[in-house]
Amino acid sequence: MKKIWMIPALSLTIALAACGGGGEESGSEEEPTTLTVGASNVPHAEILEFATDQLEEEGVDLQIETFNDYIVPNQALSEEEIDANYFQHVPYFESQIEENDYDFANAGAIHIEPMGVYSQDYDSLEELPEGAEVIMSSSVADHGRILSMLEEEGVITMEEDAGIEATLDDIAENPKDIQFSANVEAATLPQAYQNGEGDAVFINSNYALDSDLSPSEDAIAIESAEDNPYANIIAVRSGDEEREEIQTLVDVLHSDEVRSFIEEEYEGAVLPAEGENAE
């Protein structure tokens, strides 16, 4: 009788051990953390898409939500519809915090998009004629960099204390009587250029790329990337910059693999942030 009962007991012990072992192995696998990031289509979403596999290896399931304007991504972040956004440069970020009382933090700078100026009629800013019309974004945060470019090319002279927050009111000398149109949404600037509007159109590189324009080839002048304060950043709600998955996101976007992708994919139209910009 003992022999008859020992066999099923032993089988049951083996079966339970097998089930228990399998349960412990599956339980040891951690579920990935989902991170939703709002981004402009080009280049931000493309850069994030490239980083997706690398982030997955680090336990982060990246979800990308694309936007085509400069207002909604910050609203979505403030309303906790997304965990972070990646579309804006530092001066714009700071101006939006001031204007809207957002409680945001800069989690890290990723890349720089040198501003380009485009013209169907002229090959340089020096060639602009008397009374030429220059079209620029309605975003005042971009005006300082545009005016700085015009000053570097000798088109205008700015007040001595004008900096990156300069506006049209800070122009000291305008010998060619350049006419500025600054009431155009940034996303529609490529269309204005393609429609032949104005004598010169300043276009943010992300919108230029999204419209099949090459800043390095099609622009008649392009902003210098050296000591450029307009780094595009990962923006989060204050305190979230300490979240492990946010830090992982920034670390991956600073990786050699992502830097190489940016350099090779955009051929100078987008550049990895350097030095203090990347901190």
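This structure is a prediction, so every number in the text was calculated from the model and none was measured. All residue numbers refer to positions counted from 1 along the written sequence of the respective chain. With the structure being a predicted model, the display of local features is reserved for residues of pLDDT at least 70 and the display and counting of side-chain atom pairs for 80 or more, all residues being used for whole-chain, interface and lining totals. The basis for the side-chain values is all heavy atoms of the structure; hydrogens and waters are excluded.

K.L.:
Lay out the side chain of Gln88 with the relevant residues and their values.
P.N.:
Helix and strand labels come from DSSP, where a helix needs a run of H or I of at least four residues and a strand needs a run of E of at least two; each type is numbered from the N terminus. With respect to the element layout, Gln88 can be found in strand β3 (residues 84–89). Residue exposure (1.4 Å probe, protein chains only): buried if accessible area is under 20% of the type maximum, exposed if over 50%, otherwise partly exposed. On the accessibility criterion, Gln88 (1% relative accessible area) is buried. Counting of polar contacts relies on pairs of N or O atoms within 3.5 Å, with two restrictions inside protein: one atom must be capable of donating a hydrogen and the other of accepting it, and residues adjacent in sequence are counted only when both atoms are side-chain atoms. Among the polar contacts made by the side chain of Gln88, one reaches the side chain of Asn85 at a distance of 3.0 Å. Beyond its immediate sequence surroundings of up to four residues, Gln88 is in contact with Asn74, Phe93, Ala231, Asn232, Ile233 and Ala235. Contacts are assigned to residue pairs that have any heavy atoms within 4.5 Å of one another.

K.L.:
Go over empty space enclosed by the protein with me, naming the residues and quoting the values.
P.N.:
For cavity detection a 1 Å grid was placed over the protein atoms alone, and a set of points counts as a cavity when a 1.4 Å probe fits there but cannot get out; an open set counts as a pocket when protein lies on both sides within 12 Å along at least five of seven lines, with lining residues being those that have an atom within 4 Å of a point. Grid points are joined across faces, edges and corners, and a volume is the space filled by probe spheres set on the points. What the rule picks out here adds up to 2 cavities of 30 Å³ or more. In this model, the largest cavity occupies a volume close to 110 Å³. Lining the largest cavity are Tyr70, Phe87, Gln88, His89, Tyr92, Glu113, Ser139, Asp142, Arg145, Asn204, Asn206 and Asn232. Ranked by the residues each element gives to the lining of the largest cavity, the list is headed by β3, at 3 residues. Of the pockets and cavities examined, the second largest cavity occupies roughly 40 Å³. What lines the second largest cavity is Tyr118, Ser119, Gln120, Asp121, Tyr193, Gly196, Glu197, Gly198, Asp199, Ala200 and Val201. By the convention adopted, Pro, Cys, Tyr, Trp, Phe, Met, Ile, Leu, Val and Ala count as nonpolar, Lys, Arg, Asp and Glu as charged, and the other residues, Gly among them, as polar. Of the residues assigned to the lining of the second largest cavity, the class counts are 4 nonpolar, 4 polar and 3 charged.

K.L.:
Can you break down the packing of helix α2 (residues 41–57) against helix α10 (residues 256–266) residue by residue, with the values?
P.N.:
Two packed helices can be described by the angle between their axes and the distance between those axes. At a minimum axis separation of 10 Å, α2 and α10 run at an interaxial angle of 140°. As far as their axial angle goes, α10 and α2 are oblique. Both α2 and α10 take part in a crossing whose hand is right-handed. Here Pro43, Glu46, Ile47, Phe50, Ala51 and Gln54 of α2 come into contact with α10, specifically with Glu257, Val258, Phe261, Ile262 and Tyr266. Of the residues contributing to the contact of α2 with α10, the split by class is 8 nonpolar, 1 polar and 2 charged. In this analysis, axes come from line fits to C-alpha atoms, helices being fitted only over the stretch in contact, and the angle between any two N-to-C directions falls in the range 0 to 180 degrees. Should an angle lie under 35 degrees it is considered roughly parallel, over 145 roughly antiparallel, and from 65 to 115 roughly perpendicular; all remaining angles are considered oblique. By convention the crossing between two helices is left-handed if the near helix lies anticlockwise of the far one by an angle smaller than a right angle, and right-handed if it lies clockwise.

K.L.:
Now, about the sheet that holds strand β9 (residues 179–184): what can you tell me, with residues and values included?
P.N.:
What makes two strands pair is DSSP finding at least two bridges between them. Reading across from one edge, β9-β6-β10-β5-β11 is the order of the 5 strands in this open sheet, with mixed pairing throughout. Strand pairing shows two members of the sheet lacking a second neighbour, β9 and β11 (221–222), which therefore form its edges. Across 4 bridges, the pairing between strand β6 (residues 133–137) and β9 is parallel. Paired with Val134 across the two strands is Phe180, which belongs to β9.

K.L.:
I'd love a proper account of a negative patch on the surface, names of residues and values included.
P.N.:
Taken together, Glu46, Asp210, Asp212, Glu217, Asp218, Glu263, Glu264, Glu265 and Glu267 make up a surface patch of like negative charges. Looking at the negative patch, the elements with two or more residues in it are α8 (215–218) and α10. Among the elements that take part in the negative patch, α10 stands out by supplying 3 residues, more than any other. Along the chain, Asp210 turns up in helix α7 (residues 205–210). Overall, Asp210 belongs to the partly exposed group, its relative accessible area being 36%. Patch criteria: residues need more than 30% relative accessible area and no salt bridge. Like-charged residues are merged within 9 Å; nonpolar side chains of Val, Leu, Ile, Met, Phe, Trp and Tyr are merged within 5 Å. For the accessible areas, the method is Shrake-Rupley and the probe is 1.4 Å, while residue cover comes only from the protein chains on display. Here a salt bridge means any side-chain nitrogen of Lys or Arg lying within 4 Å of a carboxyl oxygen belonging to Asp or Glu. In this tally, Asp and Glu contribute negative charge and Lys and Arg positive charge; neither His nor the terminal groups of the chain are included. To locate a charge, the coordinates of NZ of Lys, CZ of Arg, CG of Asp or CD of Glu are taken.

K.L.:
Let's hear about the environment of Ile222: which residues, and what values?
P.N.:
Locating Ile222 in the fold gives a position in strand β11. The spatial distance from the C-alpha of Ile222 to the C-alpha of Met149 is 8.1 Å, given a sequence separation of 73 residues. With sequence-adjacent residues up to four places away left out, Ile222 is seen in contact with Pro114, Met115, Gly116, Met149, Pro215 and Ser216.

K.L.:
Account for the nonpolar core, naming residues and giving values.
P.N.:
We call a set of buried Ala, Val, Leu, Ile, Met, Phe, Trp, Tyr and Cys residues a nonpolar core when their side-chain atoms join them within 4.5 Å. One finds Val37, Ile47, Leu48, Ile234, Leu249, Leu253 and Tyr266 to be the most contacted residues of the largest nonpolar core, which totals 29 residues. When residues of this core are traced back to their parent elements, those giving at least two are β1 (33–40), α2, β2 (60–67), β3, β4 (104–112), β12 (231–237), α9 (244–253) and α10. Element by element, the count of residues in this core is highest for α2, at 6 residues. Not counting the four nearest positions on each side in its chain, Ile234 is found in contact with Ala84, Asn85, Tyr86, Ala105, Asn106, Ala107, Gly108, Ile110, Leu249, Val250 and Leu253.

K.L.:
Quick one: what's the story with the layout of surface pockets, residue by residue and with numbers?
P.N.:
One simple way to see leftover space: roll a probe sized like a water molecule over the atoms. Looking at the largest pocket, its volume works out to about 450 Å³. Taken together, 22 residues form the lining of the largest pocket, with Tyr92, Ser95, Ser139, Val140 and Ala141 sitting closest to its centre. Here the lining of the largest pocket takes 7 residues from helix α4 (residues 90–100), the largest share from any one element. In the lining of the largest pocket, the residues fall into 10 nonpolar, 6 polar and 6 charged. Reported here for the second largest pocket is a volume of approximately 280 Å³. Along the wall of the second largest pocket there are 20 residues; nearest its centre are Gly144, Arg145, Ser148, Met149 and Glu152. Per-element tally for the lining of the second largest pocket: the top contributor is helix α5 (residues 143–152), with 7 residues. Split by residue class, the lining of the second largest pocket holds 8 nonpolar, 5 polar and 7 charged.

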